[in-house]
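# Breakdown of the fold
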Amino acid sequence: ILRAGLGMVDPMLELLPNAAVHHIGMYRNKASLLPVQYYNRLPKDQVAEVSIVMDPMIATAATIKAVVAVLKRWGTSKIIVVCCLASRAGLTALLEAHPDLTVHVAAIDETLSEEGMIVPGLGDAGDRQFLTPELDEVEMVANAEITRKRTLSASSELEALEQSPSKKR
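Note that this is a predicted model, so its numbers are computed, not measured. (Residues numbered from 1 in each chain as written. Predicted model: local features only at pLDDT ≥ 70, side-chain atom pairs only at ≥ 80, totals over all residues. Heavy atoms only, no water.)

## A word on the packing of aromatic side chains
Across all of its chains, the model carries 1 aromatic pair by this definition. Here the aromatic rings of Tyr27 and Tyr38 are separated by 6.0 Å at their centres, their planes lie at 40 degrees, and the arrangement is tilted. With Tyr27 in strand 1 (residues 24-28) and Tyr38 in strand 2 (residues 35-40), this pair connects stretches of sequence that are 11 residues apart. Tyr38 gets classed as partly exposed once you look at its relative accessible area, which sits at 46%. (Phe/Tyr/Trp six-rings, centres within 6.5 Å; stacked < 30°, edge-to-face > 60°. Helix = DSSP H or I, 4+ residues; strand = E, 2+ residues; numbered from the N terminus. Buried < 20%, exposed > 50% of the residue type's maximum accessible area, 1.4 Å probe, protein only.)

Rendered as structure tokens:
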């Protein structure tokens, strides 16, 4: 999963050097805790029999559940999740939603904060890897407004497609 999972790709390729690598870009909206997909270039003409999803942390599991759903729609028949740290609640939610998964996790923390962060946790894995500075309150409000507009725009486009004559046939 972009971007936090990028740090796990090279070590996994050392173990599986002939593996094809595909990326799904998804992040968790900090306000709603819902996943937002921004990138998906899974090949349309080829489906992987086995997909290994690498995500350093599973907190609420909303993002990983969404990625697994994308992979299942794509047609993958076996999904393996590799994770460094998970909350017990997130791991439970993931396995309840997708009991057919194989999950490998190095450590489990018992608590989630009200903001949906693992406690004690390790902070944001993507921000740690890429040295992303923390946003101040003004930037967070501006980013939330941009995300809201993108979501509304995507919803409007979807509604327009559903109403188009070619869809009504």
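## So, unusual backbone geometry
If you check the backbone angles, Leu33 has positive phi at about 65 degrees while not being a glycine. Within the secondary structure layout, Leu33 lies in the loop between strand 1 and strand 2. We classify Leu33 as partly exposed; its relative accessible area is 22%. Phi is positive for Ala61, which is not a glycine, with a value near 80 degrees.

## Quick notes on a nonpolar patch on the surface
A cluster of nonpolar side chains, namely Leu15, Leu16, Val50 and Ile52, defines an oily patch on the protein surface of about 340 Å² accessible area. By secondary structure assignment, the location of Leu15 is in helix 1 (residues 6-15). According to the relative accessible area criterion, Leu15 is exposed, its value standing at 66%. (Patch = residues over 30% accessible without salt bridge, like charges linked within 9 Å, V, L, I, M, F, W, Y side chains within 5 Å. Areas by Shrake-Rupley, 256 points an atom, 1.4 Å probe, with all protein chains shown as cover. Salt bridge = Lys/Arg side-chain N within 4 Å of Asp/Glu carboxyl O.)

## So, the confidence of the model for the protein
Summing up the model confidence of the protein, the mean pLDDT is 80 and the portion of residues at 70 or higher is 70%. Mean pLDDT values over the elements of the protein span from 47, in helix 6 (residues 165-168), up to 96, in helix 3 (residues 88-97). (pLDDT = per-residue confidence, 0-100.)

## Brief notes about the pairing of strand 1
Pairing geometry for strand 1 and strand 2, over 5 bridges, is antiparallel. Its bridge partner being in strand 2, Tyr27 is matched across the sheet by Val36. Here strand 1 hands over to strand 2 after 6 residues, with Leu33 in that stretch at a positive phi of 65 degrees. (Pairing = 2+ DSSP bridges.)

## A closer look at the pairing of strand 5 (residues 78-87)
In terms of burial, strand 5 is largely enclosed, as 8 of its 10 residues are buried. Pairing geometry for strand 3 (residues 50-54) and strand 5, over 5 bridges, is parallel. The partner of Ile52 across the bridge, within strand 5, is Ile80. Between the parallel elements strand 4 (residues 57-58) and strand 5, the chain passes through helix 2 (residues 62-74) in a crossover that is right-handed. The sheet contact formed by strand 5 and strand 6 (residues 102-109) spans 7 bridges and is parallel. Bridged to Val82 within strand 6 is His104. On the question of chirality, the crossover connecting strand 5 to the parallel strand 6 by way of helix 3 is right-handed. (Right-handed = clockwise from strand over helix to strand, strands pointing away.)

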